[in-house]
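Descriptive structure summary
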Amino acid sequence: MSSQETVAWDDLFEEAHEGLSALIDRLESVVVGQRPLLEKLIVALLAGGHVLVEGVPGLAKTRAVRALARALDLPFRRIQFTPDLLPADLTGTQIYRPATGEFDVRPGPVVTSVLLADEINRAPAKVQSALLEAMQEGQITVGDETIILPETFWVLATQNPIEHEGTYPLPEAQLDRFLMKVLVDYPARDAELAMLDLPSVAETSLAESWSSDEPPLFTPDDVLRFRRLAASVQTAPAIKEYVVDLVRATRDPEAYGLGLAPLIELGASPRATIALIRAARAHALLARRDYVTPHDVKSLARDVLRHRIMISYEADAEGLSVDDVLIRILDHIPVP
């Protein structure tokens, strides 16, 4: 690479970092006390992966997603999942036109760029499978017609960890399609106090709390450009080996000197290895670097792996969570 190309490359990364920093600042002006959530959403956006967000109601999950879509000038749709939802309510339906004797396709709310699937575990299996096609294939099928979704199609699903009555747990195949599972906790006292000064406290809706002269920070093309830039972040062979060892340790802990075999019923798939590398590259870009460090991997390992691992009844009996098992693995595998 010539010196001019190196300078141009550095300029691209500097421009991306400044833009992403401005994006986080914009989001924090609307969503207070949830910076870790905001950063992980942006990491997933850069990596082009879907996110499952788990937290009790009232933690600004919907607000954060809506604000992010608005700042990126991306079409946004929200679907409240319920047990009586049908696949057609998600994907769309065919309407018969007597005048022409033909069926017209009316696309459903899934045909958008940013889709918020609220309380996804309340939807029955048929609806979940319809969403799975959209997430994995980037397309939906309505009747005999296939609709290609936008390149920026991105699913952010939420679920309530408290209520389990009337829910349909997501199958492992669908959980594996999410790049990350992010846990959201209550904000700190100072942050909760600062919420009372937000304009939206006195307004009736989020839309009114945004000033009319505040334009989006980016366009959909910028989002795709950032994704290409994140994919180009350098990953050293030692980092790749570290990621592979972390994931394989969840499948065969004995081979890595970990006595965790009785605690793990199912380890992470190779898709987890790819997801962790993609997320680490995006995290490095957000941290103003064009190379991945072990810190990038360790910062996101639990978010990428926690929904891909099944712990055993023995782990439950000992009061251990998936995160407890992952912490043991992260502490044990040597860092390059």
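Note that the structure is a prediction, hence the values are computed from the model and not measured.

**Describing the packing of aromatic side chains**
On inspection of all chains with the given rule, the structure shows one aromatic pair. Their ring planes at 85° and their centres at 5.1 Å tell us that F218 and F226 sit as a pair that is edge-to-face. The class for F218 is buried, based on a relative accessible area of 11%. Here R289 stacks its cationic end above the ring of Y291, 5.7 Å away from the centre of that ring.

**Structural notes on the layout of surface pockets**
Considering only enclosed or pocket space, the largest pocket measures out at about 760 Å³ in volume. Along its surface, the largest pocket is lined by 28 residues, and L175, K181, R306, H307 and I309 are the ones closest to its centre. When its residues are assigned to classes, the lining of the largest pocket shows 11 nonpolar, nine polar and eight charged. In this model, the second largest pocket occupies a volume close to 370 Å³. Lining the second largest pocket we find 22 residues, and of these G48, G49, H50, M135 and R278 sit closest to its centre. At the level of elements, helix 5 (125-137), strand 9 (178-183) and helix 11 (270-286) are the ones that each hand at least two residues to the lining of the second largest pocket. Considered class by class, the residues forming the lining of the second largest pocket number nine nonpolar, five polar and eight charged.

**A closer look at the sheet that holds strand 8 (residues 154-159)**
An order of 2-5-8-1-9 is seen for the five strands of this open sheet, with the pairing classed as parallel. Each edge of the sheet is formed by a strand with only one pairing partner; in this case those strands are strand 2 (76-80) and strand 9. Going across the sheet, the axis of each strand differs from the next one's by a mean of 15°, ignoring polarity. Where strand 1 (residues 50-54) and strand 9 come together, five bridges link them in parallel fashion. Residue V53 lies in a different strand from strand 9, and its bridge partner there is V182.

**Here's the deal with the confidence of the model for the chain**
The predicted model of the chain averages 84 in pLDDT, with 91% of residues at 70 or higher. Here residues 1-5 is modelled with pLDDT under 50, and outside its nearest four sequence neighbours on either side it reaches one contact, counting other chains as well. This stretch, residues 208-212, has a pLDDT under 50; its non-local contacts, to residues over four places away or in other chains, come to nine contacts.

**Notes on the pattern of salt bridges**
The final tally for this structure, using the stated rule, is 13 salt bridges. For R289, the salt bridge goes to D296, with nearest N and O atoms at 2.7 Å. As far as the burial class goes, R289 and D296 line up, both buried. R306 is the partner of D303 in a salt bridge, and the nearest nitrogen-oxygen pair spans 2.9 Å. Connected via shared salt-bridge partners are K40, R302, D303, R306 and D323.

**Side note on the nonpolar core**
In this structure, L23, L41, I42, W154, L285, V297 and I329 are the most contacted members of the largest nonpolar core, which totals 80 residues. If you tally residues by element for this core, the top one is helix 11, at 10 residues. Core analysis: the next-biggest nonpolar cluster, separate from the first, contains 25 residues, I79, M135, I140 and L175 among them.

So, how was this worked out
- Residues numbered from 1 in each chain as written.
- Predicted model: local features only at pLDDT ≥ 70, side-chain atom pairs only at ≥ 80, totals over all residues.
- Heavy atoms only, no water.
- Phe/Tyr/Trp six-rings, centres within 6.5 Å; stacked < 30°, edge-to-face > 60°.
- Buried < 20%, exposed > 50% of the residue type's maximum accessible area, 1.4 Å probe, protein only.
- Lys NZ or Arg CZ within 6 Å of the ring centre and 35° of its normal.
- 1 Å grid on protein atoms, 1.4 Å probe; cavity = no way out; pocket = protein on both sides within 12 Å on 5 of 7 lines; lining within 4 Å.
- Points joined across faces, edges and corners; volume = space filled by probe spheres on them.
- Nonpolar A, V, L, I, M, F, W, Y, C, P; charged D, E, K, R; others polar.
- Helix = DSSP H or I, 4+ residues; strand = E, 2+ residues; numbered from the N terminus.
- Pairing = 2+ DSSP bridges.
- Axes fitted to C-alpha atoms, helices over the stretch in contact; angles between N-to-C directions.
- pLDDT = per-residue confidence, 0-100.
- Contact = heavy atoms within 4.5 Å.
- Salt bridge = Lys/Arg side-chain N within 4 Å of Asp/Glu carboxyl O.
- Core = buried A, V, L, I, M, F, W, Y, C linked by side-chain atoms within 4.5 Å.

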